[in-house]
Amino acid sequence: TVDYAAVASDGRFDQYLAQLAAVDLDKIPPAEELALYINAYNALTVGLIVAHERRGGPALASINEMSTPAAKVWDVPAGQVGGEQLSLGEIEHHKLRARWNEPALHA
């Protein structure tokens, strides 16, 4: 269980998201880049929920409740990694699965 209210009130989380946005991907070896994108996916997922709570949205039973008829939550901009604005779907399918044959990504 994640305490989203605690994450929302902890400035270190916003600092971490800023570090993800500013990272220089050209200076990271492939194995570290894989770890970075996995961590970014998780952090940006939490970030979407935190942003929802900060806006005063109702408690969510599932992140899927953030989807709208116009857009699934997986397809909306979730944040930046290395200066590139990405959705969770883009991270999963274009940055992770398309580049690495990592069994954990295909669960």
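Residues numbered from 1 in each chain as written. Predicted model: local features only at pLDDT ≥ 70, side-chain atom pairs only at ≥ 80, totals over all residues. Heavy atoms only, no water.

*Asks:* Break down the overall build of the chain for me, with residues and values.
*Replies:* Helix and strand counts for the chain come out as four helices and two strands. Secondary structure elements of the chain occur, N-terminal to C-terminal, as α-α-α-β-β-α. Taken over the C-alpha trace, the chain has a radius of gyration of 14 Å; the compact-globule value for 107 residues is 13 Å, and the two agree within 12%. Each principal axis of the C-alpha distribution contributes one length, and for the chain these read about 40 × 30 × 25 Å. When the 107 residues of the chain are sorted by exposure, 35% land in the buried category. A separation of at least 24 residues holds for 55% of the contacts in the chain among residues at least 6 apart in sequence. Here the chain has roughly 6600 Å² of accessible surface; of this, 53% comes from carbon and sulfur atoms. Each charge class in the chain can be summarised by its mean position, and for the 8 positive and 14 negative side chains these summaries are 2 Å apart. (Helix = DSSP H or I, 4+ residues; strand = E, 2+ residues; numbered from the N terminus. Rg over C-alpha atoms; globule rule 2.2 N^0.38 Å. Buried < 20%, exposed > 50% of the residue type's maximum accessible area, 1.4 Å probe, protein only. Contact = heavy atoms within 4.5 Å. Areas by Shrake-Rupley, 256 points an atom, 1.4 Å probe, with all protein chains shown as cover. Lys, Arg positive; Asp, Glu negative; His and termini not counted. Charge placed at Lys NZ, Arg CZ, Asp CG, Glu CD.)

*Asks:* I'd like a description of the pattern of salt bridges, backed by residues and values.
*Replies:* Going through the model one piece at a time under the given rule, you end up with six salt bridges. A salt bridge links Arg12 to Asp10, with the shortest nitrogen-to-oxygen separation between them at 2.6 Å. Close ionic contact of Arg97 with Glu92 constitutes a salt bridge, the shortest N to O distance being 3.1 Å. For Arg97, a relative accessible area of 29% corresponds to the partly exposed category. (Salt bridge = Lys/Arg side-chain N within 4 Å of Asp/Glu carboxyl O.)

As far as function goes, none of this settles anything; it's purely spatial.
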